[in-house]
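Here are the chains, one letter per residue:
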Amino acid sequence: MASIAYSSAAFTGTSASDLLRSSSNGVSGIPLKTLGKAPFSVKKRDATVVAKLKKGKKHDYPWPADPDPNVKGGVLTHLSHFKPLKEKQKPVTLDFEKPLVEIEKKMIDVRRMANETGLDFSDQIILLENKYQQALKDLYRHLTPIQRVHIARHPNRPTFLDHIFSITDKFVELHGDRSGYDDPAIVTGIGTIDDRRYMFIGQQKGRNTKENIHRNFGMPTPHGYRKALRMMYYADHHGFPIVTFIDTPGAYADLKSEELGQGEAIAHNLRTMFGLKVPIVSIVIGEGGSGGALAIGCANKLLMLENAVFYVASPEACAAILWKTAKASPKAAEKLRITAPELCRLQICDGIIPEPLGGAHADPAWTSQQIKAAINENMDELTAMDTEKLLKHRMHKFRKLGGFEENAQVDPKKKVNMKKEDQIVRTTPNEELEGEVEKLKQQILKAKESSSKPPEMALKDMIEKLKKEVDHEYSEAIKATGLKDRLDMLREEVSKVNSRDQLMNPVIRDKIEKLKDEFNQKLSAAPNHPTLQYKLDMLKEFSKAKSLSDAATLKQEVNKKFNEIMSRPEINEKLEALKAEVQNSGSSSFADLDQGLKDKVLNTRKEVELEMISALKSIGLFVEGVKSNAKVLSEKDSPSVFKNKVDHLNEEINKKIENVVSSSELKNMIELLKLEIARAGNKPDTESKSKIEAIQKQIKQRLSEAIISSELIEKYEDLKEKNSEVEQSSAGADESLQKETKYEEPRLEINLGANSSFAQCM
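These numbers come from a predicted model, not from an experiment.

Colleague: Where do I start with unusual backbone geometry in this structure?
Modeller: Most peptide bonds are trans, and most residues other than glycine sit at a negative phi. For Arg-337, which is not glycine, the phi dihedral falls at a positive 60°. Structurally, Arg-337 is set in the loop between helix H13 (329-336) and helix H14 (340-345).

Colleague: Sorry if this is basic, but what is going on with the layout of surface pockets here?
Modeller: Picture a little ball the size of a water molecule; that probe, rolled over the atoms, points out where space is still empty. Of the volumes computed, that of the second largest pocket is approximately 1200 Å³. For the second largest pocket, the lining is made up of 39 residues, of which Gln-89, Asn-156, Pro-158, His-361 and Pro-364 are closest to its centre. Taken together, the elements giving at least two residues each to the lining of the second largest pocket come down to helix H3 (98-117), helix H4 (122-140), helix H6 (160-167) and helix H15 (364-383).

Colleague: Whenever I open this one, the packing of aromatic side chains confuses me. Can you help?
Modeller: What characterises a pair of aromatic rings is the spacing of the ring centres plus the angle enclosed by the ring planes. One pass over the structure, following the stated rule, counts nine aromatic pairs. Between Tyr-234 and Phe-240, the aromatic rings sit 6.4 Å apart at their centres with planes inclined by 55°, giving tilted as the arrangement. With 6.1 Å between their ring centres and 45° between their planes, Tyr-474 and Phe-519 make a pair best called tilted. Within this pair, whereas Tyr-474 is found in helix H19 (residues 456-480), its partner Phe-519 is found in helix H21 (residues 506-523), the two being separated by 45 residues in sequence. For Phe-519, a relative accessible area of 12% puts it in the buried group. Site record: aromatic cluster; members linked through ring pairs are Phe-160, Phe-165, Phe-171, Tyr-198, Phe-200 and Phe-245. The lysine or arginine in question, Lys-397, covers the ring of Phe-398, its NZ or CZ lying 5.6 Å from the ring centre.

Colleague: Would you explain the pattern of salt bridges in this entry?
Modeller: It is possible for side chains of opposite charge to pair when their charged atoms get near one another. Under the criterion given, the structure shown has 25 salt bridges. Between Arg-226 and Glu-264 there is a salt bridge, and its shortest N-O distance comes to 3.0 Å. Of this pair, Arg-226 sits in helix H8 (residues 222-238) while Glu-264 sits in helix H10 (residues 262-273), placing them 38 residues apart in sequence. Taking the relative accessible area as the measure of exposure, Arg-226 reaches 26% and is therefore partly exposed.

Colleague: What is the right way to look at H4 in this model?
Modeller: For an α-helix, the turn length of 3.6 residues means that residues three or four places apart are oriented alike. Along its 19 residues, H4 runs 27 Å from first to last C-alpha, staying within 8% of the 27 Å computed at 1.5 Å per residue. What H4 keeps buried is the set Ile-125, Leu-128, Tyr-132, Leu-136, Leu-139 and Tyr-140. End-on view of H4: buried residues confined to an arc of 85°, all on one side of the axis. Turned more than 90 degrees from where H4 packs its buried face, Asp-123 and Leu-127 sit exposed. Its buried side turned inward, H4 meets H3 and helix H5 (145-152).

Colleague: So what exactly am I meant to see when it comes to the state of the cysteines here?
Modeller: As used in these notes, a disulfide is a covalent bond between sulfur atoms, one from each of two cysteines. With the rule as written, the count across this model stands at zero disulfides. Cys-349 takes part in no disulfide bond, and the closest cysteine sulfur to it belongs to Cys-344, at a distance of 4.7 Å.

Colleague: Honestly, the side chain of Asp-183 in this entry has me stumped. Any pointers?
Modeller: Along the polypeptide, Asp-183 turns up in the loop between strand S5 (170-174) and strand S6 (186-193). A polar atom in the side chain of Asp-183 sits 3.0 Å from the backbone nitrogen of Ala-185. Here Gly-224 takes part through its backbone nitrogen, which lies 3.5 Å from a polar atom of the side chain of Asp-183. Residue contacts for Asp-183: discarding those within four places in its chain leaves Pro-220, Thr-221, His-223, Gly-224 and Lys-227.

Colleague: Just to check I follow, could you spell out the confidence of the model for the protein for this structure?
Modeller: Low pLDDT means the predicted coordinates in that region are not meant to be read closely. Across the protein, the average pLDDT comes to 75, with 72% of residues at 70 or higher. Segment residues 1-45 is flagged for pLDDT under 50; beyond a separation of four residues in sequence, or across chains, it makes 44 contacts in the model. Across residues 626-638 the pLDDT falls below 50, and counting only partners more than four positions away or on other chains, this stretch makes 25 contacts in the model.

Colleague: Can you help me understand H15 in this one?
Modeller: When the terminal C-alpha atoms of H15 are compared, their 28 Å separation across 20 residues agrees well with the 28 Å that a helix rising 1.5 Å per residue should span. Those residues of H15 lying buried are Thr-367, Ser-368, Ile-371, Lys-372, Ala-374, Ile-375, Asn-376, Asn-378, Met-379 and Leu-382.

Colleague: Got a minute to help me understand the packing of H19 against helix H22 (residues 529-566) in this structure?
Modeller: Helix packing geometry: the angle between the two helix axes and the distance between the axes. The N-to-C vectors of H19 and H22 enclose an angle of 150°; their axes lie 9 Å apart at closest approach. Comparing the axis directions of H19 and H22 gives the class roughly antiparallel. As H19 runs across H22, the sense of the crossing is left-handed. Contacts between H19 and H22 involve Glu-456, Leu-459, Lys-460, Met-462, Ile-463, Leu-466, Lys-467, Glu-469, Val-470, Glu-473 and Tyr-474 from the first element and Thr-531, Leu-532, Lys-535, Leu-536, Met-538, Leu-539, Phe-542, Ser-543, Ala-545, Lys-546, Ser-549 and Thr-553 from the second. Among the residues making up the contact of H19 with H22, the classes are represented as 12 nonpolar, four polar and seven charged.

What counts and how
Residues numbered from 1 in each chain as written. Predicted model: local features only at pLDDT ≥ 70, side-chain atom pairs only at ≥ 80, totals over all residues. Heavy atoms only, no water. Helix = DSSP H or I, 4+ residues; strand = E, 2+ residues; numbered from the N terminus. 1 Å grid on protein atoms, 1.4 Å probe; cavity = no way out; pocket = protein on both sides within 12 Å on 5 of 7 lines; lining within 4 Å. Points joined across faces, edges and corners; volume = space filled by probe spheres on them. Phe/Tyr/Trp six-rings, centres within 6.5 Å; stacked < 30°, edge-to-face > 60°. Buried < 20%, exposed > 50% of the residue type's maximum accessible area, 1.4 Å probe, protein only. Lys NZ or Arg CZ within 6 Å of the ring centre and 35° of its normal. Salt bridge = Lys/Arg side-chain N within 4 Å of Asp/Glu carboxyl O. Expected span 1.5 Å × (residues − 1). Arc of directions from axis to C-beta. Contact = heavy atoms within 4.5 Å. Disulfide = S-S within 2.5 Å. Polar contact = N/O pair within 3.5 Å; in protein donor to acceptor, adjacent residues only side chain to side chain. pLDDT = per-residue confidence, 0-100. Axes fitted to C-alpha atoms, helices over the stretch in contact; angles between N-to-C directions. Parallel < 35°, antiparallel > 145°, perpendicular 65-115°, else oblique. Left-handed = near helix turned anticlockwise from the far one by under 90°. Nonpolar A, V, L, I, M, F, W, Y, C, P; charged D, E, K, R; others polar.

Put into structure tokens, the structure is as follows:
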């Protein structure tokens with residue numbers, strides 16, 4: 001069978017039989033070369049060629065003779081190969097939606113029972129429907145990033161052409177990249193929305209397995225990007241605004257695509273889109289993966305559906321690279337910031353298009369109308385710009401992405417979550433360190449001989465340096481003894497316990513004690529033990545020297561303040577006048593003075609004490625003033641008897657405290673407090689302070705509960721009453737008597753400093 005077409009004008013009006021008339025030489029009227037390989041039969045005298053033209057498929061005219069104006073999507077719908085599915089898509093339930101399915105099954109069962117039995121179950125049905133709607137709201141208003149990824153990949157999610165036929169009045173699909181290829185993964189065409197023409201370019205996924213294979217699962221090849229590029233040039237030439245729909249896991253990365261220039265095709269699209277003189281709006285309707293999405297996404301406005309995602313690498317790929325397992329994809333999805341709200345906050349996305357509860361597939365028509373409204377709104381804004389302003393707008397949108405400031409202060413909240421840099425400790429050679437130590441010792445000795453102040457800054461720097469050196473030597477000793485792995489595991493256990501704000505488990509405390517004992521036993525065998533011991537001795541020596549220096553300095557400041565107060569004219573005048581009055585009275589002791597003179601002495605003393613307290617506070621010292629208004633006791637309540645009662649009460653209180661402290665519960669609290677103080681160091685952060693304060697509060701509460709007993713309270717109230725009676729009945733007392741009979745309320749003072757032992761303070 002052969003099909004032969006004659007296009008030459010010379011053969012017009014001539015039949016095939018005339019042209020192929022036989023001759024003595026065979027076929028005449030047409031050269032054999034023209035016939036090609038067409039089969040024919042030759043007789044001796046008459047030659048005939050039998051040719052049968054193959055009937056081709058009838059080509060549909062672009063417009064039918066009788067178009068139906070009521071066809072959804074316009075009269076040109078038939079031009080596209082995209083047609084309604086013959087079978088309805090099967091519902092797909094995601095893992096996190098299973099609780100909703102259970103409620104839905106209950107509703108179906110109740111309705112079936114109502115139909116079968118004829119009973120009225122309307123109240124139960126309404127209750128289940130309300131429960132379902134509430135569960136649906138709670139679920140879809142608190143979606144995690146990985147859940148949004150699953151919704152964006154939902155098999156029933158509306159595709160590009162689903163939305164196009166819902167939002168356009170007319171749409172004509174345009175095919176081919178003018179190089180002989182037509183990639184079905186990218187669909188292009190001209191359509192109208194409210195009588196405004198647009199060039200639509202979108203990545204098309206399939207609605208079932210057959211379509212997905214045909215569309216290559218929405219992953220374009222270089223031919224698809226070149227087709228999109230041709231349509232961009234076409235739109236730019238005719239002044240059509242461009243609307244692109246992004247829905248792809250990424251460009252198709254097979255060997256053939258790489259050979260045909262996948263990277264070059266994407267790069268060419270990126271460069272071209274920045275120079276187009278028409279408005280461009282890109283909408284992410286599903287997932288936008290890497291450069292495959294960006295190749296049609298360099299727009300003036302990037303919009304995203306509420307549950308769409310836009311990423312440089314899929315969560316699974318990121319997890320496989322960073323955590324070596326795809327199971328970490330939920331963590332990767334959270335860290336990548338790929339959801340619409342996150343990208344909108346980072347100013348990568350310019351707007352979020354809402355979806356119905358349950359995702360876009362729950363109500364595709366409503367979602368399409370939201371997309372249509374978003375296109376109209378943004379195109380109104382962009383079409384109002386002139387060409388120069390439009391190009392600058394597009395350039396600034398991408399130039400501002402990822403902006404940063406050098407030497408800018410880091411937000412404290414961000415700084416907490418930042419990974420701490422591994423600090424490299426540079427140790428000083430022993431010879432150099434010994435030289436510095438000897439030099440500082442000589443300076444301290446010279447300062448003592450000359451009665452001058454020791455070099456405080458040099459002493460402070462040396463202590464800090466020795467602390468770092470000692471920490472490093474301890475770390476090396478732990479490595480040498482082979483206990484580093486156990487120490488790291490123990491630290492991790494302790495951090496988990498502390499993160500939950502719980503008391504330390506006695507098992508962990510025992511592990512700490514065992515590790516400490518084992519380390520102390522092996523420490524002498526460590527290679528750096530002599531160096532560690534030398535640096536520890538130096539640290540103790542210099543710390544002692546600094547404490548003595550600080551005490552001497554403090555003493556000088558206190559004496560200086562006292563001399564300043566006593567040298568004031570008004571104080572001197574009062575003291576001299578009071579001294580003269582006491583001498584004139586002829587009394588040999590304070591008890592012999594009359595009441596008026598006693599009051600003057602006490603008032604003057606109180607005035608000097610108050611002046612001294614305010615002076616000490618000015619230099620940063622806290623003074624705890626003890627009110628002492630004890631008077632002369634009667635013979636019935638002699639000083640010795642009253643003092644014995646106070647001592648006896650204190651002994652009972654101390655016994656109660658010792659009993660509580662020896663309990664296992666409080667011991668655990670004390671050990672936990674020690675550990676928290678050690679971990680906090682000299683500069684504890686806010687979290688450490690709050691933990692320490694919480695533990696202190698618990699300890700004080702336990703002690704208070706133990707001390708407050710009915711018997712102790714009665715004794716305390718009795719002593720307090722007697723003391724008040726003595727104060728009211730007596731006019732004064734000798735100073736020696738005041739020291740003996742002074743009574744203070746029983747109280748517990750606990751030193752919780754970082755370097756103190758809580759048990760010793762008890």
